[in-house]
Amino acid sequence: MPVHRSGTARVRRLTVAGILLAAFSLLFTLPAAAAGRPARGTAHMGMGVLAHDGPGGTPAPTAVTQTEGVDVAGYQGNVDWPTLWNSGVRWAYTKASEGTYYTNPYFTQQYNGSYGIGMIRGAYHFATPDTTSGAAQADYFVDHGGGWSPDGMTLPGTLDIEWNPYGAACYGKTASAMVGWIADFLNTYKARTGRDAVIYTATSWWTQCTGNYAGFAANNPLWIARYASDPGTLPAGWGYYTMWQYTSSGPTVGDHDRFNGGLDRVQALANG
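Position labels on residues start from 1 in each chain and follow its written sequence. Residues qualify for local features only when their pLDDT is at least 70, as the model is predicted, and side-chain atom pairs are given and counted only at 80 or more; totals for whole chains, interfaces and linings, by contrast, use all residues. Note that the side-chain values use all heavy atoms of the structure and ignore hydrogens as well as water.

### Some words on the overall build of the chain
Then comes step 1: Numbering of helices and strands runs from the N terminus, with a helix taken as a DSSP run of H or I at least four residues long and a strand as a DSSP run of E at least two residues long. Check the secondary structure of the chain and you find eight helices and nine strands.
Then comes step 2: Note on classification: 1.4 Å probe, protein chains only; a residue is buried when its accessible area is under 20% of the maximum for its type, exposed when over 50%, partly exposed between these limits. Looking at the chain residue by residue over its 272 residues, the buried ones come to 47%.
Then comes step 3: We call two residues in contact whenever any of their non-hydrogen atoms come within 4.5 Å of each other. In the chain, the share of contacts with a sequence separation of at least 24, taken over all contacts with a separation of at least 6, comes to 69%.
Then comes step 4: To be clear on the numbers: accessible area is Shrake-Rupley with a 1.4 Å probe, and residue cover counts the displayed protein chains and nothing else. Roughly 12500 Å² of accessible area belongs to the chain as shown, and the carbon and sulfur atoms make up 57% of that amount.

Here is the structure:
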């Protein structure tokens, strides 16, 4: 004689099936959400500029002498330095590190390659203030290619502080906490190298995440990011920019920059 399942048993089976379905749904949803964010280590200068500030044209003609430069990172692989040199590029920055967990696998080719062709070169660090302290990241940067030498060909290290590609724009920090983190990095870098680091940022991020703090302008050169016909309004305290990243779609490598002055001014910054 057949045995009939009770209504309770049926309900139990339906409940279990519902739980399993929900679990599978979550399993397939999470990777899709995570896929919208880049992998740790892949950040680079200007990664968020287009998304947050948008494109605004190309640099307007100017009578002021400026010197062409580029910035490169690991995602660009081996860089064609002779072509860049022949196009008029005379200085370059290479991403050395990020956080305390990443170093650029192409750093040697990029950093030494620019030097070998005759360019004045420097290194930059992509800051992740939500992972470790400013001091820890400055030490990591110096220990992995971000140092400085008085050879006339090495620019001071740059702190790349901008939108967080991995999460909240301000890395979960208040404006005062962000200013403290940046000061921690800059003070440690100077103690290690004797040089004041350059600050690379965008005015909109600086205003949002530091409260438009003006206290670093006296000592730290400004590298402004803005893809437009001019650099626009600068962060508080800085009356002028030292470098300007003006595009992410330039020739040979995308990220092109202008130094606010002739080659002699680039050399002066290298010499300290």
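### Brief notes about the state of the cysteines
Then comes step 1: Counting rule for disulfides: a pair of cysteine sulfur atoms within 2.5 Å. Applying the stated criterion to the full structure yields one disulfide.
Then comes step 2: Across a sulfur-sulfur distance of 1.9 Å, Cys-170 and Cys-209 are joined as a disulfide pair. One disulfide, between Cys-170 and Cys-209, carries an S-S torsion of -75 degrees and so falls in the left-handed class. In this pair, Cys-170 sits in the loop between β5 (158-160) and α6 (175-193) while Cys-209 sits in helix α7 (residues 203-210), placing the two residues 39 residues apart along the sequence. Cys-209 matches Cys-170 in its accessibility class, with the two residues each being buried.

### Describing the layout of surface pockets
Then comes step 1: Using only the protein atoms, space was sampled on a 1 Å grid; points where a 1.4 Å probe fits but cannot get out form cavities, open sets with protein on both sides within 12 Å along at least five of seven lines form pockets, and lining residues are those with an atom within 4 Å of a point. Grid points are joined across faces, edges and corners, and a volume is the space filled by probe spheres set on the points. The volume enclosed by the largest pocket comes to roughly 420 Å³.
Then comes step 2: Split by residue class, the lining of the largest pocket holds ten nonpolar, seven polar and three charged. Each residue is assigned to one class: nonpolar for Ala, Val, Leu, Ile, Met, Phe, Trp, Tyr, Cys and Pro, charged for Asp, Glu, Lys and Arg, and polar for all the others, Gly among them.

### Re the nonpolar core
Then comes step 1: Trp-91, Ile-161 and Ile-182 are the most contacted members of the largest nonpolar core, which has 56 residues in total.
Then comes step 2: For this core, the element with the most residues is α6, which contributes seven residues.
Then comes step 3: Aside from chain neighbours lying at most four places away, what touches Ile-161 is Ala-127, Pro-129, Met-178, Trp-181, Ile-182, Ile-199, Tyr-200, Thr-201, Trp-205 and Trp-206.
Then comes step 4: Among buried residues, those of type Ala, Val, Leu, Ile, Met, Phe, Trp, Tyr and Cys that are joined through side-chain atoms within 4.5 Å constitute a nonpolar core. With nine residues, the next largest nonpolar core counts Trp-81, Leu-84, Val-89 and Val-253 among its residues.

### A look at unusual backbone geometry
Then comes step 1: Of note in this structure, Tyr-171 is not a glycine but carries a positive phi near 60 degrees.
Then comes step 2: Note that Tyr-171 resides in the loop between β5 and α6.
Then comes step 3: Backbone geometry at Asn-212 places phi at a positive 60 degrees, although glycine is not the residue there.
Then comes step 4: On the secondary structure map, Asn-212 appears in the loop between α7 and β7 (222-225).

### Quick notes on the pattern of salt bridges
Then comes step 1: Between Lys or Arg on one side and Asp or Glu on the other, a salt bridge is scored when a side-chain nitrogen of the former is within 4 Å of a carboxyl oxygen of the latter. Tallied over the full model, the rule gives seven salt bridges.
Then comes step 2: Between Glu-98 and Lys-95 there is a salt bridge, with the nearest N and O atoms lying 2.7 Å from each other. The same class applies to Glu-98 as to Lys-95, namely buried.
Then comes step 3: The residue Lys-190 makes a salt bridge to Asp-196 at a minimum N-O spacing of 3.4 Å.

### Digging into the side chain of Asn-220
Then comes step 1: Mapped onto the elements, Asn-220 comes out in the loop between α7 and β7.
Then comes step 2: On the basis of relative accessibility, which here comes to 6%, the residue Asn-220 falls in the buried class.
Then comes step 3: Looking at Asn-220, its side chain comes within polar contact range of the main-chain oxygen of Ala-197, at 2.8 Å.
Then comes step 4: Once residues lying within four places of it in the same chain are set aside, the contact partners of Asn-220 are Leu-186, Asp-196, Ala-197, Ile-199 and Trp-238. Residues adjacent in sequence count toward polar contacts only when both atoms are side-chain atoms; beyond that, a polar contact is any pair of N or O atoms within 3.5 Å, and within protein one must be able to donate a hydrogen and the other to accept it.

### Here we look at the packing of helix α5 (residues 134-146) against α6
Then comes step 1: Running from N to C, α5 and α6 point in directions that differ by 40 degrees, and their axes come no closer than 7 Å. With respect to α6, the axis of α5 lies oblique. Considering only the axes of α5 and α6, their crossing is right-handed. Of the residues in α6, those in contact with Gly-134, Ala-135, Gln-137, Ala-138, Asp-139, Phe-141, Val-142, Asp-143 and Gly-146 of α5 are Trp-181, Asp-184, Phe-185, Thr-188, Tyr-189, Arg-192 and Thr-193.
Then comes step 2: When grouped by side-chain class, the residues that make up the contact of α5 with α6 number seven nonpolar, five polar and four charged. Fitting a line to C-alpha atoms yields each axis, with helices limited to the stretch in contact; the angle taken between N-to-C directions then spans 0 to 180 degrees. Just so you know how the angles are binned, under 35 degrees is roughly parallel, over 145 roughly antiparallel, 65 to 115 roughly perpendicular, and the rest oblique. Each crossing is labelled by how the near helix is turned from the far one, with a counterclockwise turn of less than a right angle marking it left-handed and a clockwise turn marking it right-handed.

### A word on the environment of Gly-180
Then comes step 1: Within the secondary structure, Gly-180 sits in helix α6.
Then comes step 2: Each C-alpha atom of the pair Gly-180 and Ser-133 lies 9.7 Å from the other, and the pair is 47 residues apart in sequence.

### What to know about α6
Then comes step 1: Expected helix span is computed as 1.5 Å times (number of residues minus one). For α6, built from 19 residues, the straight-helix expectation of 27 Å at 1.5 Å per residue is met to within 8% by its first-to-last C-alpha distance of 27 Å.
Then comes step 2: Within the sequence span of α6, burial applies to Met-178, Val-179, Trp-181, Ile-182, Phe-185, Leu-186, Thr-188, Tyr-189 and Thr-193.
Then comes step 3: Summarising the contacts, the buried residues of α6 are in contact with β4 (120-126), α5, β5, β6 (198-201) and α7.
Then comes step 4: Positive backbone phi, at 85 degrees, marks Gly-194, one or two positions downstream of α6.

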